[in-house]
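# Fold and geometry: a report
The residues making up each chain are set out below.
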Amino acid sequence: MKDKKTRVRFAPSPSGELHIGNARTALFNWLFARHRNGTFVLRVEDTDEARSDIVFQNNLYEDLKWLGLDWDEGPVKNGAYGPYRQSERLDIYKRHLISLMEKNLVYPCYCAQEELEEERQNLILSKRMPRYMGKCRNLTDAEKNKKKNEGRVPSFRFKIEPQVIEFEDIIRGTVRFESEAIGDFIIMRSNGMPAYNFAVVIDDHLMDITHVIRGEDHLSNTALQLLLYRAFGYNPPVFAHHSLIFGKDRTKLSKRHGSVSVGEFRKKGILPEALLNYLGILGTSYPNAQELLSREELIKHFSIERASKSGAVFDEDKLLWLNAIYIRNTETRDLLLKLLPFIESAGYDISGVDEKWLIEIIDLVKTDLVILSDIGNHLDIFLDDKYKLTNEAKEIIKNDENSNVVRLFMEYLKNNNAEAGMLYSDALKYVKRQTNKKGKDLFMPIRAALTGKTTGPQLDKIFSILGKDAALKRLNNYFLQTTA
Ligand code: GLU
C-alpha cells in the first residue's frame, strides 16, 4: 500500500443541488489528491432511481467546474476504471452478489415493508435497538418457494456475526462499533439496485481507491463496509471522516439557515475562489492564522489530519468578507465579465455602452461590492437618468442653503467649458467663493443631487466619468424630482 499512487474519490448522490457540506468533502478530496500528485475520481452514486435526476447531475458537473475542482476520472471525462456512474455498473454488483451468495454470506429476505416497520416499532417499544432480527435468515427451501409463489420478490441481506469492528481513522483515531447494534443489512434491493454500502465497497475496491475522505455522518456506514471488505477478502482503503458544517445554532447546516447550495451562492454573486478559500479554512487552521489562501496555497498546505474533529460553524459574514476581498483583487476587465449577468438581471441594457467607460465605472465601485449582485445598486449613478432619490438625499435639498449650493454649481457648469476634472474643481471653487461653504456642507448637496444618494464613491471621479452633459441632466432631474 505504501507506494501505491494516491487515488481518492468524491461520490455524490445526485438527488439535489450540491450542498456546501458536500462541496467541502469534494474540496478535501481534491486538495488531498493535488497535494500528493494523486488522482481525483468523480463517481456518481445514482442508484436511487426515484431521487436521482439528470438535472442534478448536470448541475453537479457545472458546480464542480465552477469551483475549479476538476476531476481526473469520472463521467464526461472517463478513464480506465469506468463506468463512473453506478447506474451503469449494475452487472458488476450482481456478479459480486453472486460471489457472496456462493460463500453463504448472503440470504434472500422476503419481508414486506410493513412487516419490517412493525418489527422496528416493537423493538423501539421494548426499548431495544431497532434492527433486522433475522426472520428470513434460516428459511428452508420450501419456505422460500412458498414466498416466491406468493409473488414476493426478495431483497438480499448480508449475514452479520457478533463481533467488534474497529478501524483507524486519520482524523478520529481508533473507532469501534459493536456489530450487535447492526443486524443483517440489505445489500441488494428487491428492484435489483445495490444498496449504498454494497456498491461503494465494490467500487472503491475496483477503482483502486487508497483513501476514503468523507463526512462523519458516514462513520457507522464504514463499520458495515469493513465487514464487506472482509467478506470479499479485499484490503480496505484508509478512512478519514471529517466534521460536518453546522449553523450558528449548532444544528446541521440546512435550508433553515439560509443559502446552503453551491448554486445559491453562485447566483448571489459569490466568487468561486472566495467560496473555495472559505471552505478550505472552515474548521481548520493554517500556519500563522492565515485566512486568505489561494488555490495553490490551499494545495500546498493541505493536511487532512488538520481537518478539525469538532463541527465547523458556518459563518456567512466571513464568506462575504473574503468575497469582497476577492472582488477587489480581481482585475477590473475580468470582473466586468463576471458582472455582466448581474448587470443584466438588475435591468440594465449595456449592449451599446462603451466598454472602456464601463471599466472606469467598475474600477470606481468595485471596492463597494461585497457580492457581485451588489452591482445593481451602484450603476444608477452612471446609467440611469431617472434614478431614484433616497429619502436622505431628498431631505438635503429641503434646506435652502443646500439647494443654493446645487444651483450655483449648475450655473457654473452651464456657463463654462473645460475638461471634466478641471470643470468640476473650478465649479466647486466658484460655489465656495459664492457661499463660503466648505467640507460636507459643500459636497453633500452636490453628491445628493448628482447621485441621488448621500454615500458613494469619490465625487470627483464620479463627475469625471459622467462628464458635463450627463451631470447637468442629472442635476436638472434632481430639481424636477424634489420640487414635483
Ligand atoms: N453517495 C454517498 C453520499 O453522497 C457517498 C458517501 C461516500 O463518500 O461514501 O453521501
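To keep things clear, this report deals only with the structure shown in the data block. (Residues numbered from 1 in each chain as written. Predicted model: local features only at pLDDT ≥ 70, side-chain atom pairs only at ≥ 80, totals over all residues. Heavy atoms only, no water.)

### What about the site of the ligand?
Close to the ligand lie Arg9, Ala11, Pro12, Ser13, Glu45, Tyr196, Val200, Arg214 and His218, which account for all nearby residues. In this structure, tyrosine 196 approaches the ligand through a side-chain N or O atom, which is 2.6 Å from an oxygen atom. Burial of the ligand by the protein amounts to 83% of the accessible area it has alone, namely 300 Å². When atom positions are compared with the pocket grids, the ligand is found to occupy the largest pocket. Per-class residue counts for the shell around the ligand are four nonpolar, two polar and three charged. (Near = heavy atom within 4 Å. Polar contact = N/O pair within 3.5 Å; in protein donor to acceptor, adjacent residues only side chain to side chain. Areas by Shrake-Rupley, 256 points an atom, 1.4 Å probe, with all protein chains shown as cover. 1 Å grid on protein atoms, 1.4 Å probe; cavity = no way out; pocket = protein on both sides within 12 Å on 5 of 7 lines; lining within 4 Å. Sits in = over half its atoms within 2 Å of the grid points. Nonpolar A, V, L, I, M, F, W, Y, C, P; charged D, E, K, R; others polar.)

### Section: the side chain of lysine 366
Inspection of the secondary structure puts lysine 366 in the loop between α13 (355–365) and α14 (380–383). For the buried lysine 366, no salt bridge exists, and the shortest N-O distance to an oppositely charged side chain is 4.3 Å, to aspartate 363. (Helix = DSSP H or I, 4+ residues; strand = E, 2+ residues; numbered from the N terminus. Buried < 20%, exposed > 50% of the residue type's maximum accessible area, 1.4 Å probe, protein only. Lys, Arg positive; Asp, Glu negative; His and termini not counted. Salt bridge = Lys/Arg side-chain N within 4 Å of Asp/Glu carboxyl O.)

### Here's the deal with unusual backbone geometry
Along the chain, glycine 82 connects to proline 83 via a cis peptide bond; the corresponding omega equals -5 degrees. Turning to its location among the elements, proline 83 is positioned in the loop between α2 (54–67) and α3 (90–102). Notably, asparagine 37 is not glycine yet its phi reads approximately 55 degrees, a positive angle. Structurally, asparagine 37 can be placed in the loop between α1 (20–35) and β2 (39–42). We classify asparagine 37 as exposed; its relative accessible area is 66%. Phi is positive for arginine 250, which is not a glycine, with a value near 70 degrees. As for its placement among the helices and strands, arginine 250 is situated in the loop between β10 (245–246) and α8 (262–268).

### A few points about the pairing of strand β4 (residues 155–158)
Here β4 shows a buried face lined by Ser155 and Arg157 and a second buried face lined by Phe156 and Phe158. Sheet topology note: the strand β3 (residues 106–109)/β4 ladder contains four bridges and is antiparallel. Residue tyrosine 107 lies in a different strand from β4, and its bridge partner there is arginine 157. As paired elements, β4 and strand β7 (residues 185–188) share three bridges and run antiparallel to each other. (Pairing = 2+ DSSP bridges.)

### Some details on the packing of helix α6 (residues 196–206) against helix α7 (residues 219–232)
Interhelical geometry of α6 versus α7 gives an angle of 55 degrees and a closest axis separation of 9 Å. Comparing their axes, α7 and α6 come out oblique. In terms of crossing hand, the pair formed by α6 and α7 is right-handed. For the pair α6 and α7, contact is made by Tyr196, Asn197, Phe198, Val200, Val201, Ile202 and Asp204 and by Asn221, Leu224, Gln225, Leu228, Tyr229 and Phe232, respectively. Here the residues of the contact of α6 with α7 sort into nine nonpolar, three polar and one charged. (Axes fitted to C-alpha atoms, helices over the stretch in contact; angles between N-to-C directions. Parallel < 35°, antiparallel > 145°, perpendicular 65-115°, else oblique. Left-handed = near helix turned anticlockwise from the far one by under 90°. Contact = heavy atoms within 4.5 Å.)

### Quick notes on a negative patch on the surface
Negative charge collects at one region of the surface, where Glu331, Asp334, Asp354, Glu360 and Asp363 lie side by side. Locating aspartate 354 in the fold gives a position in the loop between α12 (332–345) and α13. With a relative accessible area of 48%, aspartate 354 lands in the partly exposed category. (Patch = residues over 30% accessible without salt bridge, like charges linked within 9 Å, V, L, I, M, F, W, Y side chains within 5 Å. Charge placed at Lys NZ, Arg CZ, Asp CG, Glu CD.)

### Concerning the sheet that holds β4
Spatially, the three strands line up as an open sheet ordered β3-β4-β7, and their pairing is antiparallel. The outermost strands of the open sheet, each flanked by one partner alone, are β3 and β7. Geometrically, the sheet is characterised by an average inter-axis angle of 45 degrees between neighbouring strands, direction not taken into account. Strand contacts of α3: β3, β4 and β7, with the helix running at about 130 degrees to β7, the strand carrying the most contacts.

### So, the environment of aspartate 460
Looking at the secondary structure, you find aspartate 460 in helix α19 (residues 459–483). According to the relative accessible area criterion, aspartate 460 is partly exposed, its value standing at 35%.

### Points about the environment of threonine 330
Take threonine 330: it is sitting in the loop between α11 (316–329) and α12. Along the chain, threonine 330 and threonine 284 lie 46 residues apart, while their C-alpha atoms are 26 Å from each other. Ignoring sequence-local partners within four residues, the contact set of threonine 330 consists of Leu271, Leu335, Lys338 and Lys366. Within the structure, threonine 330 has its side chain in polar contact with the backbone oxygen of tyrosine 326 (distance 2.6 Å).

### Structural notes on the layout of surface pockets
Counted as a void, the largest pocket has a volume near 1200 Å³. Broken down by secondary-structure element, the contributors of at least two residues to the lining of the largest pocket are β1 (7–10), α1, α2 and β8 (211–215). Split by residue class, the lining of the largest pocket holds 16 nonpolar, 17 polar and 13 charged. By volume, the second largest pocket is sized at about 680 Å³. In terms of lining, the second largest pocket is formed by 26 residues, of which the most central are Arg157, Asp184, Phe185, Ile186 and Arg189. A total of three residues in the lining of the second largest pocket trace back to one element, the largest contributor, which is α7. A class-by-class count of the residues in the lining of the second largest pocket yields 15 nonpolar, seven polar and four charged. (Points joined across faces, edges and corners; volume = space filled by probe spheres on them.)

### So, the pairing of β1
A regular strand places its side chains so that they alternate between the two faces of the sheet. Both faces of β1 are covered, namely the face carrying Arg7 and Arg9 and the face carrying Val8 and Phe10. Inspection of the sheet shows β1 paired to β2 by four bridges, in the parallel sense. Bridged to phenylalanine 10 within β2 is leucine 42. Assessed by its sense of winding, the connection that carries the chain from β1 through α1 to β2 is right-handed. (Right-handed = clockwise from strand over helix to strand, strands pointing away.)

### Quick word on the side chain of asparagine 277
Relative to the assigned elements, asparagine 277 resides in helix α9 (residues 272–281). Engagement of the side chain of asparagine 277 in a polar contact is seen with the backbone nitrogen of leucine 293, the distance being 2.8 Å. If sequence neighbours within four positions are ignored, asparagine 277 has contacts with Glu291, Leu292, Leu293, Leu298, Leu322 and Tyr326.

### Some words on α12
Taking 1.5 Å as the rise per residue, α12 with 14 residues should run 20 Å; its terminal C-alpha atoms sit 20 Å apart, in good agreement. Residues Thr332, Leu335, Leu336, Leu339, Phe342 and Ile343 constitute the buried set of α12. Close packing links the buried residues of α12 with α8, α11 and α13. Just downstream of α12, glycine 347 is the residue with a positive phi angle, here 95 degrees. (Expected span 1.5 Å × (residues − 1).)

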